[in-house]
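The lines below spell out each chain.
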Amino acid sequence: MKKVTFTIIMAFAFVMLTAITSNANYDKNYDIRGNTHYYKTAESFSSGSGTEDDPYIITSWEEYNHMQVVGCGDEGIGVHFKLATDLNEHSNFYGDAVRNESIGTKDKPFQGVFDGDGHRAYSYAVLFDVVGENGIVRNLKNTLVRDAIAKINNGLIEDCRGEGDTGEAYVRTSNLGAIAGENTGTIRRCFAKSEKKNPYDIDTKHSGIGGICGFNNGGIIEECYAEITIRVRYGRAVGGIAGDNTGGKIRNGYSRCYLVSEGIEAGGIVGKLNYGTVENCISRSPRTDGHKSSGEIAGAVYGDSKITNCYFSGLMIGNSTIDDAEYGWSVEDLEKLSTYKDLDFENIWIAKEGNIPMLRGYYFHPDCAFHWAWYYIEKLSALDKISGYEDGTFRPDNTVTKAEFIKMINETTTQDIDVPYTDVPEWAMPYVKYAIYSELIDEHLTISDTLLGADKPITRLEAGVIVGRTTHQHWHKELEFTDADEIPDWAVQPLVDANLEGYDDGSFRPNNTLTRAEAVVMLSKNIYDKLFY
């Protein structure tokens with residue numbers, strides 16, 4: 001018995017020693033709420049030399065953290081970095097999340113050029129603590145909106161997106177935004193968006209809470225869009241684009257934030273406008289009752305501030321007196337192109353009669369602006385589930401081919417699969433292999449044993465069968481379409497499993513071809529909505 005007990009104690013001691021040794025390899029960091037997490041730094045990068053033509057390639061958080069060594073201070077000026085994959089958190093021995101080090105400090109800010117290349121960085125910690133005057137951060141998707149890409153930006157942040165979860169953020173400090181906490185530099189073509197069911201829920205008595213930036217301290221924010229529910233208790237200076245704009249410029253901004261504040265100075269574009277300017281902005285930010293000084297453009301305006309050429313409905317400035325209060329347009333007027341003066345519809349804004357203008361940079365595919373399926377196209381584009389053409393278009397009304405539809409399933413396999421079809425283009429080969437491996441296609445969906453019909457328009461019947469086989473569901477019911485007699489027996493069960501919608505007249509029209517937009521809506525409603533929402 002003593003021997004068994006001794007063995008157990010020694011084993012326990014070994015485990016604890018291993019844990020201590022394992023954790024000793026990690027450094028500590030703290031997120032914006034003061035919670036501890038761990039990070040580890042690599043000694044080098046996967047490849048690259050740090051030049052513009054040959055940037056350092058980053059494939060892990062450890063390599064990302066190495067930017068603290070080579071990308072900060074004067075020696076970091078002109079050094080280029082490129083993200084080659086999405087970055088997600090993982091766990092150390094204790095199960096604690098291992099994430100990133102917040103790059104840059106006030107003494108040695110990040111001075112390099114970081115290109116996210118459209119990839120995501122999933123982290124609860126601020127990605128860059130301080131971006132210096134020479135620092136550039138671009139083309140990055142931050143999956144968690146509640147923590148900024150940069151705590152302080154003195155340089156340039158452009159073409160970045162904060163999309164996804166927000167959740168509760170019990171903040172111990174002022175100045176919070178999805179892109180930057182404080183900005184003295186430039187934030188351009190950045191977007192912050194979350195589902196209304198996941199509000200930016202902030203319990204703080206501090207100030208400076210914005211969809212894009214908390215405190216725009218003499219900086220420039222341009223061509224930015226925010227669509228976040230911001231719920232603040234007790235705080236002040238809460239805005240859709242910036243919480244506090246002191247001495248800074250906000251231009252060509254669009255806010256659709258839903259502001260809920262028990263404090264003061266809540267505005268659709270900016271909460272507190274202090275010796276700053278707001279121009280060429282559109283605000284569609286509904287607000288709840290009970291605000292003290294709340295307005296569609298600014299919650300409160302102080303000093304020599306200017307608001308020019310902005311469009312909104314409701315009260316423009318929250319702290320206006322009854323005599324100088326200025327009210328905006330009706331929704332009907334905001335949907336008329338004749339309402340808008342001096343907006344740049346060639347380079348910055350997109351407009352269509354009967355719709356409120358939108359920023360061009362908001363859309364992954366500008367040719368989908370105001371299209372009936374734009375929401376679904378944008379959503380799956382944001383999830384990296386679909387892509388467009390090399391010229392940036394999506395061409396939503398084009399018919400979709402069988403190969404394109406299979407690619408939209410967006411799954412591949414590492415299995416060594418023999419593809420018997422000779423008409424499959426190279427770009428579609430990994431997706432067709434998955435379709436064969438997962439038994440999504442069979443002899444009913446091909447032309448012959450050697451021809452898939454990859455470049456032929458796919459029919460609603462063929463697409464529905466593939467969707468049904470993808471869902472891995474098996475429903476016991478009958479098809480209720482008015483033209484169900486046109487559907488062959490082999491396709492009935494997959495279409496039942498797909499649970500697809502028909503047309504308003506109750507028909508399914510199985511032999512009709514699909515447009516690219518219709519294909520996206522079918523996949524969004526019947527596959528991706530079930531996976532991600």
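The coordinates are above.
Residues numbered from 1 in each chain as written. Predicted model: local features only at pLDDT ≥ 70, side-chain atom pairs only at ≥ 80, totals over all residues. Heavy atoms only, no water.

Participant: What's the story with the nonpolar core in this structure? I'm lost.
Facilitator: Side chains of nonpolar character tend, in soluble globular proteins, to be buried together. Grouped together as the largest cluster of nonpolar side chains are 55 residues, with contacts concentrated most on Tyr64, Met67, Phe114, Phe128, Val137 and Ile212. Those elements giving two or more residues to this core turn out to be α2 (61-65), β4 (80-83), β9 (128-131) and β32 (270-274). Within the second largest apolar cluster, 51 residues are counted, among which are Ile377, Ala403, Ile458 and Leu479. (Core = buried A, V, L, I, M, F, W, Y, C linked by side-chain atoms within 4.5 Å. Buried < 20%, exposed > 50% of the residue type's maximum accessible area, 1.4 Å probe, protein only. Helix = DSSP H or I, 4+ residues; strand = E, 2+ residues; numbered from the N terminus.)

Participant: I tried to follow helix α9 (residues 489-498) on my own but got confused; where do I start?
Facilitator: Counting along an α-helix, one turn takes 3.6 residues, and residues three or four places apart therefore face a common direction. Within α9, burial applies to Ala491, Pro494, Leu495, Val496, Asp497 and Ala498. Downstream of α9 by a residue or two, Asn499 has a phi angle that is positive, lying close to 55°.

Participant: Can you walk me through the pattern of salt bridges in this structure?
Facilitator: Should their charged atoms come close, side chains of opposite charge can pair. This structure, assessed with the given rule, holds 15 salt bridges. The partner of Arg189 in a salt bridge is Asp159, with the nearest N and O atoms 2.7 Å apart. Of the two residues, Arg189 is situated in the loop between β18 (186-188) and β19 (191-193) and Asp159 in the loop between β13 (156-158) and β14 (161-165); the sequence distance between them amounts to 30 residues. Residue Arg189 is classed as partly exposed on the basis of its relative accessible area of 25%. Its salt-bridge partner being Glu462, residue Lys402 comes within 3.6 Å of it at the nearest N-O pair. With Lys402 in helix α6 (residues 402-408) and Glu462 in helix α8 (residues 460-471), the pair connects residues that are 60 residues apart, well separated along the chain. A residue is classified by how much of its surface remains accessible, and Lys402, at 5% relative accessible area, is buried. Glu462 gets classed as buried once you look at its relative accessible area, which sits at 16%. (Salt bridge = Lys/Arg side-chain N within 4 Å of Asp/Glu carboxyl O.)

Participant: Would you explain the sheet that holds β9 in this entry?
Facilitator: Pairing between the strands of a sheet is mediated by backbone hydrogen bonds and can be parallel or antiparallel. The 7 strands lie next to each other as β9-β12-β17-β22-β27-β32-β36, forming an open sheet whose pairing is parallel. With partners counted over all chains shown, the strands left at the sheet margins are β9 and β36 (298-302), one partner each. On average, each strand axis in the sheet is tilted by 5° relative to the strand beside it, whichever way the strands run. Pairing between β32 and β36: 4 bridges, direction parallel. If you follow Val270 over to β36, its bridge partner there is Ala298. (Pairing = 2+ DSSP bridges. Axes fitted to C-alpha atoms, helices over the stretch in contact; angles between N-to-C directions.)

Participant: Please clarify how the sheet that holds strand β28 (residues 249-251) should be interpreted in this entry.
Facilitator: Pairing is parallel in the open sheet, where 10 strands are placed in the order β3-β4-β7-β10-β13-β18-β23-β28-β33-β37. Each edge of the open sheet carries a strand with a single partner, namely β3 (56-58) and β37 (306-308). On average, adjacent strands in this sheet sit at an angle of 10° to one another, irrespective of strand direction. Two strands pair when backbone bridges link them, and β13 and β18 are joined in this way by 3 bridges, in the parallel orientation. Following the sheet pairing, Ile157 is matched in β18 by Ile187.

Participant: Whenever I open this one, the layout of surface pockets confuses me. Can you help?
Facilitator: Taken as a whole, the second largest pocket encloses approximately 480 Å³ of empty space. As for the second largest pocket, its lining consists of 20 residues, of which Gly118, Lys141, Arg161, Phe364 and Asp384 are closest to the centre. Here the residues of the lining of the second largest pocket sort into 6 nonpolar, 8 polar and 6 charged. (1 Å grid on protein atoms, 1.4 Å probe; cavity = no way out; pocket = protein on both sides within 12 Å on 5 of 7 lines; lining within 4 Å. Points joined across faces, edges and corners; volume = space filled by probe spheres on them. Nonpolar A, V, L, I, M, F, W, Y, C, P; charged D, E, K, R; others polar.)

Participant: Just to check I follow, could you spell out the environment of Arg360 for this structure?
Facilitator: Among the structural elements, Arg360 can be located in the loop between β39 (358-359) and α5 (374-382). Look at Arg360 and you get partly exposed, because its relative accessible area is 29%. Counting along the chain gives 10 residues from Arg360 to Ile350, while the straight-line C-alpha distance between them is 5.6 Å. Residues within four places of Arg360 in sequence aside, it is in contact with Phe345, Glu346, Asn347, Ile348, Trp349 and Ile350. For Arg360, the side chain forms a polar contact with the main-chain oxygen of Phe345, separated by 3.1 Å. (Contact = heavy atoms within 4.5 Å. Polar contact = N/O pair within 3.5 Å; in protein donor to acceptor, adjacent residues only side chain to side chain.)

Participant: Explanation requested: the side chain of Asn183 in the structure shown.
Facilitator: As for its position among the elements, Asn183 is in strand β17 (residues 180-183). Asn183 sits in the buried class, given a relative accessible area of 0%. A polar contact is formed between the side chain of Asn183 and the side chain of Asn216, at a distance of 2.9 Å.

Participant: How should I be thinking about the environment of Asn398 in this particular structure?
Facilitator: Structurally, the position occupied by Asn398 is in the loop between α5 and α6. Sequence separation of Asn398 and Leu514 is 116 residues, and the distance between their C-alpha atoms is 8.4 Å. Not counting residues within four places of it along the chain, the set of residues in contact with Asn398 comprises Leu514, Thr515 and Arg516.

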